[in-house]
Amino acid sequence: MSKKNRSQEAKEEIVKGFSLFGLAWKNIFSYAWMNLKLCFTFACLAFLICLFTVYNAAIDRKRTEYIESSYSSNFILTQYSSTVTKLQELCDDCGHVEHYVYHNFNPLVTRLYGYGGVYNATTAYLVLEVDGKQYSATKAITVSTGAHTEDKYFTEEDYAELKANLGLDSFFLEGGYPKKDEVAIAPAVLEAYQLKPEDVYGKMLTVYLKDPREGKPPLIAQYSAKVCGIIREESLRLSGHGDAHTRPYFLMSYENDFVKTTTFSRYRLYLNEWPDVQDVDTWFEELLSDTTLNYAGKTSVTRVNALNGLQVLSSNLYIIVGSALIIGLVLTVFLMIDKYVKVFCRTGGILMTFGMRRSTLFLLLFFELLILCFLAIPIALILTTGGYFAINAIVKYLTAISLGISLRRIAGIFFLGIGAVTGLAMIFFAYAAIRLRSRPIKELLRTSLD
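Below is a summary of the structure that appears in this document.

1. Structural notes on the pattern of salt bridges
Consideration 1: Taken as a whole and assessed by the stated rule, the structure comprises five salt bridges.
Consideration 2: The shortest N-O distance in the salt bridge between K152 and E98 comes to 3.4 Å. On the criterion of sequence distance, the pair formed by K152 in the loop between β7 (145-148) and α5 (156-166) and E98 in strand β2 (residues 95-103) is long-range, its members being 54 residues apart.
Consideration 3: Taking relative accessible area as the criterion, E98 reaches 5% and is therefore assigned buried.
Consideration 4: The residue E150 makes a salt bridge to K152 at a minimum N-O spacing of 4.0 Å.
Consideration 5: The class of E150 is exposed, set by a relative accessible area of 57%.

Here is the structure:
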């Protein structure tokens with residue numbers, strides 16, 4: 001066959017394709033009401049599949065994001081090791097313990113000021129000396145000087161939340177963890193003394209405590225140490241670092257002599273899983289004698305429990321209500337398909353009488369279903385997006401939880417809708433093609449439309 005003949009045949013095939021596509025449109029408009037109902041049923045099926053799938057995925061994602069953003073607060077804080085032991089018994093060894101020690105200013109403060117109960121110091125009583133120059137605080141904040149018994153302070157939970165929320169891998173703006181005669185400082189301390197990181201980093205720092213009594217030295221040296229690190233300000237934004245016992249203002253090594261002179265302990269029992277609110281209440285009722293007991297994640301756990309309940313409810317609706325609706329719509333499709341196949345068989349018989357081949361008839365059927373898909377996809381997208389917004393608004397009103405929606409999620413809905421509608425149409429096509437495959441023209445022409 002010559003190149004010219006092949007080119008001519010290619011053009012004829014293209015023209016034939018456009019003619020079939022036009023014929024498909026005419027057939028759809030000839031039975032507009034039947035095709036409209038079929039198109040809408042396709043869209044409703046895709047809508048149900050998309051809505052429940054996307055909404056369940058959104059809840060799961062929201063739950064994961066919230067847990068990651070609150071991971072560092074899932075611990076119970078106490079100053080007694082005996083309480084930790086009892087808690088582990090009550091919750092069946094449900095977590096791991098971190099032990100922190102802090103310098104206790106109480107004895108010296110009591111002697112100087114005549115009252116006790118001050119474990120941590122306030123910057124109003126502290127003076128810093130750097131390179132022989134002394135600085136007094138312009139803002140009073142309560143600060144702790146502490147260490148971790150294993151010299152790590154920040155836990156895996158802290159790092160997980162820092163990474164999830166801020167995309168950071170280190171808690172230090174400069175430097176790192178202190179050695180025996182070193183100290184790391186938090187930005188809140190530098191701000192209180194109107195200092196910058198470069199003013200102190202790598203330099204010797206001396207901390208003094210003021211003695212207000214007449215005739216006594218105005219300053220009492222507490223310790224001198226080289227500043228080895230500047231702690232990131234973001235460490236104070238973590239959900240688990242909301243008070244002076246969890247915020248590292250002056251961070252030292254556990255081997256530092258100043259930390260060991262007079263100390264008090266804090267124990268954090270980090271839970272492996274987020275507990276039920278009722279479980280936490282039960283544990284605290286069993287340990288009422290410990291007035292220092294505090295659950296850092298009491299706000300977060302309520303939200304996590306609400307998201308867990310929402311996820312279970314959504315899954316149950318998906319399984320029970322969604323499945324029932326989908327089965328009902330599928331049955332509706334199969335009731336409609338018989339009418340559609342009968343109409344198409346009658347049309348196909350007429351077209352084959354005028355010389356259309358059976359393979360071309362299948363292609364015509366494919367084009368008709370393809371058009372129905374194109375019409376059903378935007379309807380399914382509108383229904384799914386509208387349904388998502390409506391359910392989200394109701395959930396937000398009832399639980400104050402907003403799942404939100406992004407362009408990525410809308411795109412996910414769109415492509416899922418295309419897949420669902422196309423899959424349904426192909427099943428429909430296969431069923432109709434089987435019905436058409438072996439029937440002779442005479443039988444197709446005699447098809448009754450009743």
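2. With respect to the packing of aromatic side chains
Consideration 1: Under the defined criterion, the tally for this structure stands at 14 aromatic pairs.
Consideration 2: Measuring from centroid to centroid gives 5.4 Å for Y153 and F154, while their planes differ by 75°, and the two rings are edge-to-face.
Consideration 3: On the accessibility criterion, Y153 (1% relative accessible area) is buried.
Consideration 4: Ring geometry for F366 and F367: centres 6.4 Å apart, planes at 50°, overall tilted.
Consideration 5: Here R268 stacks its cationic end above the ring of Y100, 3.9 Å away from the centre of that ring.
Consideration 6: Here the basic side chain of R268 rests over the ring of Y153, its NZ or CZ set 5.8 Å away from the ring centre.

3. Looking at unusual backbone geometry
Consideration 1: Residues other than glycine seldom take positive phi values, yet D131 does so here, at roughly 55°.
Consideration 2: If you trace the backbone, D131 turns up in the loop between β4 (126-130) and β5 (133-136).
Consideration 3: Take D131: its relative accessible area is 59%, and that puts it in the exposed class.
Consideration 4: Although it is not a glycine, Y153 sits at a positive phi angle of roughly 55°.
Consideration 5: By the element assignment, Y153 lies in the loop between β7 and α5.

4. Topic: a negative patch on the surface
Consideration 1: Together, D276, D279, D281, E285 and E286 give the surface a local cluster of negative charge.
Consideration 2: Mapped onto the elements, E285 comes out in helix α9 (residues 277-286).
Consideration 3: According to the relative accessible area criterion, E285 is exposed, its value standing at 57%.

5. Here we look at the pairing of strand β9 (residues 182-185)
Consideration 1: Alternating positions in β9 separate into two faces, E182 and A184 on one and V183 and I185 on the other, with burial throughout.
Consideration 2: By the bridge criterion, four bridges tie β9 to strand β11 (residues 219-231) in an arrangement that is parallel. Following the sheet pairing, I185 is matched in β11 by I230.
Consideration 3: Bridge count between β9 and strand β12 (residues 250-252): three bridges; the pairing is antiparallel. Pairing of A184 across the sheet is with L251, part of β12.

Conventions we followed
Residues numbered from 1 in each chain as written. Predicted model: local features only at pLDDT ≥ 70, side-chain atom pairs only at ≥ 80, totals over all residues. Heavy atoms only, no water. Salt bridge = Lys/Arg side-chain N within 4 Å of Asp/Glu carboxyl O. Helix = DSSP H or I, 4+ residues; strand = E, 2+ residues; numbered from the N terminus. Buried < 20%, exposed > 50% of the residue type's maximum accessible area, 1.4 Å probe, protein only. Phe/Tyr/Trp six-rings, centres within 6.5 Å; stacked < 30°, edge-to-face > 60°. Lys NZ or Arg CZ within 6 Å of the ring centre and 35° of its normal. Patch = residues over 30% accessible without salt bridge, like charges linked within 9 Å, V, L, I, M, F, W, Y side chains within 5 Å. Areas by Shrake-Rupley, 256 points an atom, 1.4 Å probe, with all protein chains shown as cover. Lys, Arg positive; Asp, Glu negative; His and termini not counted. Charge placed at Lys NZ, Arg CZ, Asp CG, Glu CD. Pairing = 2+ DSSP bridges.

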